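So you can see what is in the structure, the chains are spelled out below.
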Amino acid sequence: MSREEAGRMGGKATAKNHDKEFYQEIGEKGGEVTAKNHDKEFYQEIGEKGSNSNNKRNND
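Going along each chain's sequence as written, the residues are numbered from 1 onward. Note on the predicted model: pLDDT of at least 70 is required for a residue's local features to be given, and 80 or more for side-chain atom pairs to be given and counted; whole-chain, interface and lining totals, by contrast, use all residues. Water and hydrogen atoms were dropped before computing side-chain values, which therefore reflect all heavy atoms in the structure.

**As for the overall build of the protein chain**
Labels follow the DSSP assignment, with helices taken as runs of H or I lasting at least four residues and strands as runs of E lasting at least two, numbered in each case from the N terminus. Within the protein chain, the secondary structure is distributed over 3 helices and 0 strands. Listing every helix and strand of the protein chain by position from the N terminus yields α-α-α. The C-alpha radius of gyration of the protein chain comes to 17 Å, more than 25% above the 10 Å expected for a compact globule of 60 residues. Projected onto its principal axes, the C-alpha positions of the protein chain cover 35 × 35 × 20 Å. Split into buried and exposed, the 60 residues of the protein chain put 0% on the buried side. Each accessible area value is a Shrake-Rupley result obtained with a 1.4 Å probe; residue values ignore everything except the protein chains displayed when judging cover. A total accessible area of about 5700 Å² is found for the protein chain, and carbon and sulfur atoms account for 49% of it. Counting rule for charge: Lys and Arg are taken as positive, Asp and Glu as negative, and neither His nor the chain ends is counted. Taken as the charge centre is NZ of Lys, CZ of Arg, CG of Asp or CD of Glu, depending on the residue. Of note, the protein chain has its 11 positive side-chain charges centred 5 Å away from the centre of its 12 negative side-chain charges. C-alpha atoms define the radius of gyration, and 2.2 Å times the number of residues to the power 0.38 defines the globule rule. The classification of residues rests on relative accessible area computed with a 1.4 Å probe and restricted to protein chains. Under 20% of the type maximum is buried, over 50% is exposed, and intermediate values are partly exposed.

**Remarks on the confidence of the model for the protein chain**
The predicted model of the protein chain has a mean per-residue pLDDT of 93, with 100% of residues at 70 or higher. Ranking the elements of the protein chain by mean pLDDT puts helix α3 (residues 40–59) last, at 86, and helix α1 (residues 3–17) first, at 97. What pLDDT reports is the predictor's confidence in each residue, on a scale of 0 through 100.

**Examining the pattern of salt bridges**
Whenever Lys or Arg places a side-chain nitrogen within 4 Å of a carboxyl oxygen from Asp or Glu, that contact is recorded as a salt bridge. Under the counting rule described, the total for this entry stands at 3 salt bridges. Among the salt bridges present, the one from glutamate 4 reaches arginine 8, with a minimum N-O distance of 2.9 Å. Taken together, the residues span about one helical turn, with glutamate 4 and arginine 8 both in helix α1 at a distance of 4 residues.

See the structure below:
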C-alpha cells in the first residue's frame, strides 16, 4: 500500500468517526498555532500567492 492510499484510508476512517465540530476545533487550534508562529509578512505573502493563482486561473 502506498503512502497516498494509506493517507486516504486514514482520512476516510477519521471522517467516519468524527463530526463537524471535531474538524472546526482542530482547524481553530491550527489557526492559533499558525498565528503564533508567523508574522504579518507571512500572511501577506500567502495572500498574494492566492491572489496570483486566482488571477492566473481566471485568465486561462
